[in-house]
Amino acid sequence: MAIKNMLGHTLDLLGESIVSGHYPPESVVPPETVLCKEFGVSRTVIREAVKSLVAKGLLSTGPKVGTRVLPEDQWNWFDPDVVAWKSKMGLTREFLRDLQDLRRVIEPAAVRLAAERATAQDIQDIEAAYAGMKHAIEFGGDYVTHDLLFHQGLLRACHNRMVAQMSKAIGALLRTSFEITTTRPNGKALSLPLHRDVLDAVIARAPDAAEKAVLLLIDSVREDIETVLDSNQKL
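Conventions and cut-offs
- Residues numbered from 1 in each chain as written.
- Predicted model: local features only at pLDDT ≥ 70, side-chain atom pairs only at ≥ 80, totals over all residues.
- Heavy atoms only, no water.
- Axes fitted to C-alpha atoms, helices over the stretch in contact; angles between N-to-C directions.
- Helix = DSSP H or I, 4+ residues; strand = E, 2+ residues; numbered from the N terminus.
- Parallel < 35°, antiparallel > 145°, perpendicular 65-115°, else oblique.
- Left-handed = near helix turned anticlockwise from the far one by under 90°.
- Contact = heavy atoms within 4.5 Å.
- Nonpolar A, V, L, I, M, F, W, Y, C, P; charged D, E, K, R; others polar.
- Salt bridge = Lys/Arg side-chain N within 4 Å of Asp/Glu carboxyl O.
- Buried < 20%, exposed > 50% of the residue type's maximum accessible area, 1.4 Å probe, protein only.
- Pairing = 2+ DSSP bridges.
- Phe/Tyr/Trp six-rings, centres within 6.5 Å; stacked < 30°, edge-to-face > 60°.
- Lys NZ or Arg CZ within 6 Å of the ring centre and 35° of its normal.

Peer 1: Would you mind showing me how to read the packing of helix H5 (residues 93–117) against helix H9 (residues 171–181) here?
Peer 2: In a packed pair of helices, the relevant descriptors are the angle between the two axes and the axis-to-axis distance. Closest axis-to-axis distance for the H5/H9 pair is 11 Å, and the angle between their directions is 115°. Comparing the axis directions of H5 and H9 gives the class roughly perpendicular. Of the two elements, H5 crosses H9, and the hand of that crossing is left-handed. Note on element contacts: H9 touches H5 through Leu173, Leu174, Thr176, Ser177, Phe178 and Ile180, opposite Phe95, Leu96, Leu99, Gln100, Leu102, Arg103 and Glu107. Across the contact of H5 with H9, the residue classes break down as 8 nonpolar, 3 polar and 2 charged.

Peer 1: Even after reading the chapter, I still don't get the pattern of salt bridges, so can you show me in this structure?
Peer 2: A side chain with one charge may pair with a side chain of the opposite charge, provided their charged atoms come close. In this structure the tally under the stated criterion is 15 salt bridges. When the shortest N-O distance is used, the salt bridge between Arg97 and Asp98 registers 3.0 Å. Classification of Asp98 as partly exposed rests on a relative accessible area of 39%. Its salt-bridge partner being Glu211, residue Arg112 comes within 2.8 Å of it at the nearest N-O pair.

Peer 1: What is the right way to read the pairing of strand E2 (residues 66–69) from this model?
Peer 2: Sheet faces and side chains relate simply in a regular strand, where the side chains alternate between the two faces. Pairing of strand E1 (residues 59–62) with E2, which is carried by 4 bridges, proceeds in the antiparallel orientation. Bridged to Ser60 within E2 is Arg68. Remark: 3 residues form the turn of the hairpin made by E1 and E2, two consecutive strands paired antiparallel; Lys64 in that turn has positive phi of roughly 75°.

Peer 1: What's the story with the side chain of Thr67 in this structure? I'm lost.
Peer 2: Mapped onto the secondary structure, Thr67 falls in strand E2. Once residues within four sequence positions are removed from consideration, Thr67 is found in contact with Ser27, Val28, Val29, Val50, Leu59, Ser60 and Thr61.

Peer 1: I tried to follow unusual backbone geometry on my own but got confused; where do I start?
Peer 2: In terms of backbone geometry, most residues other than glycine have negative phi values and most peptide bonds are trans. Even without glycine at this site, Lys64 takes up a positive phi of about 75°. Along the polypeptide, Lys64 turns up in the loop between E1 and E2. For His159, which is not glycine, the phi dihedral falls at a positive 55°. Among the structural elements, His159 can be located in the loop between helix H7 (143–156) and helix H8 (161–169).

Peer 1: I keep staring at the packing of aromatic side chains and nothing clicks. Help me out?
Peer 2: Between two aromatic rings, the relevant description is the distance of the centres plus the angle of the planes. According to the stated counting rule, one finds 2 aromatic pairs in the structure shown. Measuring from centroid to centroid gives 5.5 Å for Trp75 and Trp77, while their planes differ by 40°, and the two rings are tilted. Classification of Trp75 as buried rests on a relative accessible area of 5%. Its relative accessible area of 22% is what places Trp77 among the partly exposed residues. Put simply, the rings of Trp75, Trp77 and Phe95 touch in pairs and so form one group of aromatic residues. Above the plane of the ring of Tyr130 lies Arg196, whose end atom (NZ or CZ) is 4.8 Å from the centre.

Peer 1: Can you walk me through the packing of helix H6 (residues 120–139) against helix H10 (residues 187–203) in this structure?
Peer 2: Direction vectors running N to C along H6 and H10 enclose 165°, while the axes themselves pass 11 Å from each other. Between H6 and H10, the crossing angle belongs to the class labelled roughly antiparallel. Of the two possible hands of crossing, H6 and H10 adopt the one that is left-handed. Taking contact as the criterion, the partners of Ile123, Ile126, Glu127, Tyr130, Met133, Lys134 and Ile137 in H6 are, on H10, Lys188, Ala189, Leu192, His195, Arg196, Leu199, Val202 and Ile203. Split by residue class, the contact of H6 with H10 holds 10 nonpolar, 1 polar and 4 charged.

In structure tokens, the structure reads:
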């Protein structure tokens, strides 16, 4: 296995061990020699993996204190790897609540701006994403990716550099939400007209209508998530 692949594999294993609670917050991660033996890799790979986890906010290192696991509230929840590890280990109500709260804070304000500022190219990109969602429902395909492109297109249409940057950061979070929604029977078909309402309001330059439409869409997702949670289906 190439060094890069070994590093990626080790990073995933170590990250999952932390996110799953195998190494709980405030605990000290075993020394390099132990980790080398456990994962079957060199010290260089372990050091690079630890360095990456420090950058993601999962670990801290220091002289005499070793390498410690940081509390969850210090983890970088906008990091795609952190979200992926959390998803693999099983999502919690708290995580999903935080995600829904984030969407309710960001997206209504974003679509208001989009309704005021969207260019013809922005509309074309969002229309293309919508068409991809519709095609996936009717003929099969990757609905979730087009759903993500739809929402990221709305955030880019704000023409605010900070919101545009945030669209990249929350991409993994949004994908997780959409993947849950699509586990419900007819979930995709039921959400499609709600997406159309948002897009039509943006095209009509109607900020109030766009905000109302996206709130309806977000809240429908909340109901989907609650249904999946209540069914005891593993997330």
